[in-house]
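Read off the chains here:
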Amino acid sequence: MEIFDYDNILLLPRKCRVESRSECDAGVELGGRKFRLPVVPANMKTVVDESICLWMAQNNYFYVMHRFDLDNVQFVKDMHAKGVYASISLGVKGPDRETVDTLAAAGLTPEYITIDIAHGHADSVRDMIGYIKAKLPKSFIIAGNVATPEAVIDLENWGADATKVGVGPGKVCITKLKTGFGTGGWQLSALKWCARVATKPIIADGGIRSHGDIAKSIRFGASMVMIGSLFAGHEESPGKTVEVNGELFKEYYGSASDFNKGEYKHVEGKRILEPVKGKLANTLIEMEQDVQSSISYAGGTKLMDIRKVNYVTLGGDNAGEHLLM
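Remember, predicted model here, so these are calculated numbers, not experimental data.

Caption draft 1: Layout of the overall build of the protein. Secondary structure summary: the protein contains ten helices and 15 strands in total. Contacts in the protein between residues far apart in sequence, at least 24 positions, make up 66% of those at least 6 positions apart. As presented, the protein carries roughly 14300 Å² of accessible surface, and 49% of it is formed by carbon and sulfur atoms.

Dropping the structure here:
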């Protein structure tokens with residue numbers, strides 16, 4: 001199996017079919033809804049909060065609210081009261097099941113539920129998918145995170161409606177260093193590997209360092225791309241603002257960091273400072289324009305046309321041109 005990451009791959013252009021890049025449709029469908037972009041901010045405390053999630057829902061973007069220090073039931077109530085969809089995260093422990101019970105008893109159905117644990121190929125995730133499906137059958141379940149085709153097949157068979165692929169490739173993730181496991185450094189080929197067996201959508205999670213990486217993720221099988229560091233550090237971001245030598249930064253830390261957990265135990269994340277980038281809306285518009293450009297380079301008019309292009313592998317012994325899979 002050839003191993004590569006985002007930096008090792010370039011996509012090859014095809015004849016352009018549009019007069020203007022703005023004619024290209026960067027939108028994607030997930031769980032019966034169409035979103036403007038195949039991109040979702042990471043469900044982390046320093047990336048999203050209630051106000052960002054509300055704004056994204058109102059403006060046709062996909063979001064996943066984090067699951068830390070949050071009343072999920074109240075969050076679902078608030079989002080539905082404002083006339084938008086609710087997308088929450090849950091773990092696999094007793095309190096998470098109680099949340100499901102409370103939602104079901106109150107007649108509240110979140111449109112999207114992400115079962116979000118570091119090692120998602122687990123019996124506990126299988127049991128949680130079954131529990132949610134029994135109590136909230138209309139919720140669209142995203143489960144993860146995983147790194148292998150075997151895991152994707154299992155999660156889909158257990159009832160997940162989409163899988164989240166990526167173990168430890170994120171900028172603030174140190175799983176690789178702490179455990180010796182993960183997709184850090186080969187996330188893009190892990191995505192390709194998993195996508196070959198997937199029959200339902202895949203969300204590629206982690207390792208995105210530039211907007212071009214979104215197109216590469218789509219090419220290798222993702223329907224949606226979860227991004228942390230590129231979304232951290234905006235004016236609206238919930239991370240604490242820190243001044244260093246006259247420059248403003250925002251805190252960004254991993255969900256498995258001691259900063260998030262409140263204790264140094266089973267730590268697989270770290271804290272960094274991201275330069276303040278301006279407004280989130282501006283970044284999303286720029287991302288959309290860049291994805292539209294990617295579609296035009298692919299000779300297409302819609303997002304999935306990117307899957308039709310060839311690519312080259314840069315450098316190393318396995319450099320060469322690769323025809324369509």
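So, next bit.
Caption draft 2: How the structure looks around the pairing of strand β8 (residues 162–165). Neither face of β8 is exposed, since Ala162 and Lys164 on one face and Thr163 and Val165 on the opposite face are all buried. Across four bridges, the pairing between strand β7 (residues 140–146) and β8 is parallel. Within β8, the position partnered with Ala143 by the bridge is Thr163. For the crossover that starts at β7, traverses helix α5 (residues 149–158) and ends in the parallel β8, the hand is right-handed. Pairing of β8 with strand β9 (residues 202–205) involves three bridges; the strand directions are parallel. Bridging from a neighbouring strand, Val165 pairs with Ala204 of β9.

Caption draft 3: Structural view of the environment of Arg14. When you line up the elements, Arg14 lands in the loop between β1 (9–11) and β2 (28–30). Overall, Arg14 belongs to the partly exposed group, its relative accessible area being 43%.

Caption draft 4: View of a nonpolar patch on the surface. A cluster of nonpolar residues, Met1, Ile3 and Trp193, forms a patch on the protein surface that exposes about 320 Å² of accessible area. Mapped onto the fold, Trp193 is located in helix α7 (residues 187–195).

Caption draft 5: Layout of the pairing of strand β6 (residues 112–116). By the criterion of burial, β6 is predominantly enclosed, with five of the five residues buried. Neither face of β6 is left uncovered, since the one carrying Tyr112, Thr114 and Asp116 and the one carrying Ile113 and Ile115 both have all their residues buried. Across four bridges, the pairing between strand β5 (residues 87–90) and β6 is parallel. By the bridge assignment, Leu90 is partnered in β6 with Ile115.

Caption draft 6: Structural detail: the packing of aromatic side chains. Counting across every chain of the model gives 14 aromatic pairs. Measuring from ring centre to ring centre gives 5.8 Å for Trp55 and Tyr61, while their planes differ by 20°; the resulting arrangement is stacked. Judged by relative accessible area, which is 30%, Trp55 ranks as partly exposed. Taking relative accessible area as the criterion, Tyr61 reaches 2% and is therefore assigned buried. With 5.9 Å between their ring centres and 55° between their planes, Trp186 and Trp193 make a pair best called tilted.

Caption draft 7: Geometry of the nonpolar core. One finds Phe62, Tyr63, Met79, Ile132 and Ile227 to be the most contacted residues of the largest nonpolar core, which totals 90 residues. Among all residues touching Ile132, those that are not within four sequence positions of it are Leu90, Val100, Ile113, Ile115, Pro137 and Ile141.

Caption draft 8: Inspection of the sheet that holds β8 at higher detail. An order of β4-β10-β9-β8-β7-β6-β5 is seen for the seven strands of this open sheet, with the pairing classed as parallel. In this open sheet, the two strands that pair with only one neighbour each are β4 (39–41) and β5. Across the sheet, the mean angle from the axis of one strand to that of its neighbour is 25°, orientation sign disregarded.

Caption draft 9: Looking closely at the environment of Ala104. Along the chain, the position of Ala104 falls in helix α3 (residues 94–105). Note on Ala104: relative accessible area 28%, which makes it partly exposed. Separated by 30 residues in the primary sequence, Ala104 and Ala134 place their C-alpha atoms 9.9 Å from one another. In contact with Ala104, other than residues within four places in its own chain, are Lys135 and Leu136.

Caption draft 10: Main features of the environment of Lys133. By secondary structure assignment, the location of Lys133 is in helix α4 (residues 123–135). The partly exposed category is assigned to Lys133, whose relative accessible area is 26%. Every residue in contact with Lys133, bar those within four places of it in the chain, is listed here: Ser139, Ile141, Gly159 and Asp161. Reaching out from Lys133, the side chain makes a polar contact with the side chain of Asp161 at a distance of 3.0 Å.

Thresholds applied
Residues numbered from 1 in each chain as written. Predicted model: local features only at pLDDT ≥ 70, side-chain atom pairs only at ≥ 80, totals over all residues. Heavy atoms only, no water. Helix = DSSP H or I, 4+ residues; strand = E, 2+ residues; numbered from the N terminus. Contact = heavy atoms within 4.5 Å. Areas by Shrake-Rupley, 256 points an atom, 1.4 Å probe, with all protein chains shown as cover. Buried < 20%, exposed > 50% of the residue type's maximum accessible area, 1.4 Å probe, protein only. Pairing = 2+ DSSP bridges. Right-handed = clockwise from strand over helix to strand, strands pointing away. Patch = residues over 30% accessible without salt bridge, like charges linked within 9 Å, V, L, I, M, F, W, Y side chains within 5 Å. Salt bridge = Lys/Arg side-chain N within 4 Å of Asp/Glu carboxyl O. Phe/Tyr/Trp six-rings, centres within 6.5 Å; stacked < 30°, edge-to-face > 60°. Core = buried A, V, L, I, M, F, W, Y, C linked by side-chain atoms within 4.5 Å. Axes fitted to C-alpha atoms, helices over the stretch in contact; angles between N-to-C directions. Polar contact = N/O pair within 3.5 Å; in protein donor to acceptor, adjacent residues only side chain to side chain.

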